[in-house]
Amino acid sequence: MAYQIIVCGGLAPDPLQTLEPVTTPTGPGLKNELMLPNVFDPWAGHALYEAANLAKNQPGSTIKVVSLGPKAKLQQVMMTVAQKLPFELIALDGPGGGFTDAVSVSKALADAIAAIPGFDKSQALIFGGWESATRGAGVVMQMVGERLGITEQFLAVDELTVDPDGALVIKERVEGGKHQISKCAAAPAVLAWATGSLPEPPNHPQTGMANMRVMMPALQKAKPTALDPAAIAYAQVALPAVTRQTRIVKDVPAADIAAEIAAWIKQ
Amino acid sequence: MHATTPPKQQEFLKTLPGDDIRQLLWRFSDRFDLQMLVQSVRAVARGPVARLVANGGRNTHEWTPEKNALLTDFDNSGITAAFMDPHEGGYLEGPKNLALSLIAFELAWVDAGAATCSLATHLGLSPIHQRGTKEQKDYYMNLAAPAPGKVTKRAAFALTEPIPYVGVETGILCGKIRIAEWPEGGEPILEVNKRGRFITNMGFADFVTAAVESDDPRIQGTCMVILEEGDPGIFDRGVPTRKLVMQLSSTSDPVFQLKVPASRIVGGYSVVNGKIVPTYDHGAVIEAVFRRTRVGVGLMTSAKLLSAVEPLIRYHRDRFRGSGVVVPGSPRYELGLQQKEDVTHRLLDIWAVGEAGASLGFLTARMYDELDPIEKLKDAALAEQGIGGGMSAVKYLRKRSVEAIEFLEMQSHHESLRNKARYAALEADPVIQYLVTDGQANVLCPATKLWNTGYGNKMMREAVSLMGGYGITEDCPGFLSYKWMDSQLEATYEGPEAVQRRQLSMTMINEVFLAQFRTWIHDMRRVAATEPGTGACTVASAMHLWLWTLEHLQHAKDADGAKLYQSNRQGVTFPMADALCWLLASRAQILDVEHLRREGAGGVIAEGFEGTVAFLTDLCHIQAARAAGEVARICSELVFGYMRHPSWDRSDECSTCFKEEELQQLESLIPGASGFTSEFIRIDGSHDSKAGPCVQSTGLRDFTRLRSKLDGCLAGALLAKDRAADSIQKVMIPAALDYPQ
């Protein structure tokens, strides 16, 4: 079975950067946000690597990545991601980060997917992260599916296999560290991935060169995509408070330390 | 009139310069292949390389499995294949000097040993790439190109040899080659005896390109020969060198005693009158190889200096945080040691040298990318005229250098003043373009290697010192102490400092280069006219002073009548080479910032552009002032230092001294008027308490004028430093270093 795998993947500021919330004329943002290096959202990254694995095992399958973010940042991030696997980029030049409205984002992504030439919903598997590393709203993929009319949706997916009869066998995370296994007869479906089980593929520069020859013109022509700034209002934004309490101990058994930590967590 | 001091309320640097800025500065913003390369090399450097260093991988001389695993990372990231052309298994089209320089820069940002390991692999292949026959290139590049399911074969380069206890000499070879067998009508079999010293990559190399000399009347001269591990005989990797630095590269003293077919001579051979005549002697091969690879080494030290900026700012800023008595929001908490001007100013010195070195190195790398195709066209043009290599080519090129100078002079004139037809003809002539580009490259390459590593090493010590006691521990963020020690080796390998100075002392007096240098002075003046804050005016004045001094020294003699500027007078030639390096680095830095100012404007850089350009401009000014100071000092020492100091003992030198009674008479007419001179003879015949009359600058008035002008050009340089120091206090840095400690 050949699938049209479409991965929705956004950008996130490099987590090692100083992320300081500030108020901008258009709402909350990060200090010097456009100057911060970005990475491909790690949750979406898992989805992409799983897509590559599925495409490899299902001959004829294709991968397209739909990404919304500032054009220059998309280009910067693709310099790395494009070296991992062959895919086509559909770039939407618009705001990224953690303060965008999930409803508007889902509309932009769904519209872009629906407009892909040759898009065949019956073969479509819409992949993405189950949440993002920026704000973690965890709702975009469901809304993308709804807008596209795809109602078979799976969240926090860790594994996907395809039965010989073409059915999708999907393992989703549920409460208590357990998985729920579902069987979906066929595409289309939305899969919002948790971590999956695949490592980051090694670089392959030749793949990167081939990808970028196509992506660079696509980035130049990226469709300007405006989101509704009034769609969401934030009362307050702040980083989680960091506290450090240090106590010097010596020769305490590891079990005692673990017990103390567990007791502290239970408080 | 332009103000040389920009308004105080200029934008400050918001974040450390990112990739978008660097791509513009170093001119690869339009090369996505290089941008990808940078990202993948960076992932290796700040991933496996940094983890290995943090886990103590440097604490042994042995080539361990953990170190060996880096080679696979190099293969997977595209570092190994970056050297090859696409048809050889690579992925980068065209010349690769800039690409290889970027690799060296990124790896050295974390560990220079890893960078050396990568460079040495390319160095081992370089003789084959530059001078090999088609068959040799096809075979060995394919062996060395990584591919799925294939074991990558590694190369090493063996030039230096042990001459027992008296050092090494690259011009004299002890490795011997003789004919072991020469079957009738068949290919000769050669016996190679070679002992290498300090040979990089020998812990794992599968084949070696070795320099050898004929020990057989049936072989002419010297050559380079390819040795493989499986060849019959001894392929002994030798004992690891007990070096104190760069332990992520493998170095040992190998021994080879092998029999190989004559087809292994790099570049092939011909048989003339029963004698094997190698197409290239070993000198022709290493000249082509080293002139390119030395650039990457220079850039390694610059990478370290720039890599030190972020850890230093973090250390200084966070120095007092965590103490109960230093409360958040207080200057001591927010700025830490950055409250002290000395800290920020010294950091600026380090940063400015790093920027200047990087600009010089990448300029040189780009120049070799330009030179490579021009050189091929030149070779073809010479071949068409029946001119081979060697002295006939040298003579021909020397003859045509007059036209190259003519071209450069026309280039410096306004278009409307040129003879258009003549200019177009010279511009289209590959020989002329080769002479012009080669003349620059022959200076820029040794300058990069010499200045970036030599002065960079001194500034790395400064960086370590700015970390206090922490700097000299294994826990120092950014591995600064390792970087400091490693940079000492960078200043040494691939031709130590004296070799670079010697090369410069010859190439910098090439008339084609000097014609180019004169146009550069005008270029700097033009930059100064629009952007005085760059210090371009200072650099132009310093270049003028240097040029005047060079011309003076080439004709002047010392007090004993000996010629000053001559090959063996290294006390004259070497300091002039050093002074030139300062100028070239500062000029390159200014040109890069001007390029950024032009190309990054208009929203190309989304945010913080003004502040970044203002800060980098101030760094240029700081560096320009420092360069001018060095040049002025060196030139003054050389111009005056070889003159005999006047003495009271010589009556001819006292002929202009006043007599005490003359001064007394003068004083009685105009009180205080005698104070203008201390050169007088007292009534008792004695003189004032000094060595002798002041030196008369006869014939040196121009020098004095230029020197005085240069001193005045320093105006504003320290104001620039104060502004830049403000930026250092305010700049936002990442929350943590992006590689482990």
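Residues numbered from 1 in each chain as written. Chains lettered and ligands numbered in written order. Predicted model: local features only at pLDDT ≥ 70, side-chain atom pairs only at ≥ 80, totals over all residues. Heavy atoms only, no water.

S.K.: Just checking my understanding: could you explain the overall build of chain B for this structure?
M.R.: Scanning chain B from N- to C-terminus turns up 21 helices and 13 strands. Computed over the C-alpha atoms, the radius of gyration of chain B is 29 Å, within 12% of the 27 Å expected from 2.2 N^0.38 for a compact globule of 741 residues. Taking the principal axes of its C-alpha atoms as reference, chain B extends roughly 105 × 75 × 60 Å. Within the span of chain B, comprising 741 residues, buried residues form 57% of the whole. Across chain B, the fraction of contacts at a sequence separation of at least 24, relative to all contacts at a separation of at least 6, is 75%. Summed over all atoms, the accessible surface of chain B reaches about 30500 Å², with 53% contributed by carbon and sulfur. With 79 positive and 90 negative side-chain charges, chain B shows a separation of 1 Å between the mean positions of the two kinds. (Helix = DSSP H or I, 4+ residues; strand = E, 2+ residues; numbered from the N terminus. Rg over C-alpha atoms; globule rule 2.2 N^0.38 Å. Buried < 20%, exposed > 50% of the residue type's maximum accessible area, 1.4 Å probe, protein only. Contact = heavy atoms within 4.5 Å. Areas by Shrake-Rupley, 256 points an atom, 1.4 Å probe, with all protein chains shown as cover. Lys, Arg positive; Asp, Glu negative; His and termini not counted. Charge placed at Lys NZ, Arg CZ, Asp CG, Glu CD.)

S.K.: Explanation requested: the interface of chain A and chain B in the structure shown.
M.R.: Buried accessible area, meaning the area lost when the parts come together, often serves as the stated size of an interface. Each partner contributes to the interface: chain A provides 24 residues, whereas chain B provides 27 residues. Linking chain A with chain B are 0 salt bridges. Our count for the chain A to chain B interface comes out at 7 residue pairs in polar contact (both at pLDDT 80 or more). Elements with a contribution of two residues or more to the side of chain A that touches chain B: α2 (71-81) and α5 (205-220) of chain A. When its residues are assigned to classes, the side of chain A that touches chain B shows 10 nonpolar, 10 polar and 4 charged. (Salt bridge = Lys/Arg side-chain N within 4 Å of Asp/Glu carboxyl O. Polar contact = N/O pair within 3.5 Å; in protein donor to acceptor, adjacent residues only side chain to side chain. Nonpolar A, V, L, I, M, F, W, Y, C, P; charged D, E, K, R; others polar.)

S.K.: Sorry, what's going on with the packing of helix α4 (residues 97-108) of chain B against helix α7 (residues 282-318) of chain B here?
M.R.: For any two helices packed against each other, one specifies the inter-axial angle together with the distance between the axes. Residues and elements named next belong to chain B. Two elements in contact, α4 and α7, have axes whose closest approach is 8 Å; the angle formed by their N-to-C orientations is 35°. Helix-helix and strand crossings are classified by hand; for α4 and α7 the assignment is right-handed. Seen from α4, the contacting residues are Asn97, Ser101, Ala104, Phe105 and Ala108; seen from α7, they are Arg292, Val295, Gly296, Leu299, Met300, Ser302, Ala303, Lys304 and Leu306. Grouping the constituent residues of the contact of α4 with α7 by class yields 8 nonpolar, 4 polar and 2 charged. (Axes fitted to C-alpha atoms, helices over the stretch in contact; angles between N-to-C directions. Left-handed = near helix turned anticlockwise from the far one by under 90°.)

S.K.: Please explain the nonpolar core as it appears in this structure.
M.R.: What tends to happen in soluble globular proteins is that the nonpolar side chains get buried as a cluster. One finds Ile63, Phe127 and Leu191 of chain A together with Trp351, Met508, Phe517 and Trp546 of chain B to be the most contacted residues of the largest nonpolar core, which totals 247 residues. Broken down by element, the residue count for this core peaks at 18 residues, all from helix α9 (residues 341-384) of chain B. The residues that make up this core include at least three from each of domain 1 (31-280) and domain 2 (290-642 + 711-730) of chain B. Residue contacts for Trp546 of chain B: discarding those within four places in its chain leaves Met508, Leu514, Phe517, Met576, Ala579, Leu580, Leu583, Val631 and Cys635 of chain B. (Core = buried A, V, L, I, M, F, W, Y, C linked by side-chain atoms within 4.5 Å. Domains from an automatic or database assignment.)

S.K.: Could you clarify how one ought to interpret the packing of α5 of chain A against helix α2 (residues 32-54) of chain B in this entry?
M.R.: Running from amino to carboxyl end, α5 of chain A crosses α2 of chain B at an angle of 130°, the nearest separation of the two axes being 10 Å. Here α2 of chain B runs oblique to α5 of chain A, going by the angle between their axes. In this structure, the crossing between α5 of chain A and α2 of chain B has a hand that is right-handed. Across the interface between the two elements, Gly208, Met209, Met212, Arg213 and Met216 of chain A of α5 of chain A pack against Phe32, Asp33 and Met36 of chain B of α2 of chain B. Residues belonging to the contact of α5 of chain A with α2 of chain B are distributed by class as follows: 5 nonpolar, 1 polar and 2 charged. (Parallel < 35°, antiparallel > 145°, perpendicular 65-115°, else oblique.)

S.K.: Even after reading the chapter, I still don't get α2 of chain B, so can you show me in this structure?
M.R.: Every α-helical turn comprises 3.6 residues, leaving residues that sit three or four positions apart pointing alike. With 23 residues, α2 of chain B extends 32 Å between its outermost C-alpha atoms, agreeing within 8% with the 33 Å of an ideal straight helix rising 1.5 Å per residue. Of the residues flanking the end of α2 of chain B, it is Gly56 of chain B, one or two places downstream, whose phi is positive at about 90°. (Expected span 1.5 Å × (residues − 1).)

S.K.: I tried to follow the environment of Ala562 of chain B on my own but got confused; where do I start?
M.R.: Residue and element names in this part refer to chain B. Structurally, Ala562 is set in the loop between α16 (536-555) and α17 (570-599). Accessibility expressed as a relative area gives 29% for Ala562, which makes it partly exposed. The sequence separation of Ala562 and Gly78 amounts to 484 residues, and the corresponding C-alpha distance is 56 Å. With residues up to four places along the chain from it excluded, the contact list for Ala562 reads Ala556, Lys557 and Arg569.

S.K.: Looking at this structure, how should I read unusual backbone geometry?
M.R.: Phi is mostly negative for residues that are not glycine, and the peptide bonds are mostly trans. Geometrically, the link from Ala187 of chain A to Pro188 of chain A is a cis peptide bond, its omega value of 5° lying close to zero. Although it is not a glycine, Asn201 of chain B sits at a positive phi angle of roughly 80°. Along the chain, Asn201 of chain B falls in the loop between β4 (199-200) and β5 (207-214). Looking at Asn201 of chain B, the relative accessible area reads 0%, which means it is buried. In this structure, Met246 of chain B takes a positive phi of about 45° despite not being glycine. Mapped onto the fold, Met246 of chain B is located in the loop between β7 (233-236) and β8 (251-252). Judged by relative accessible area, which is 0%, Met246 of chain B ranks as buried.

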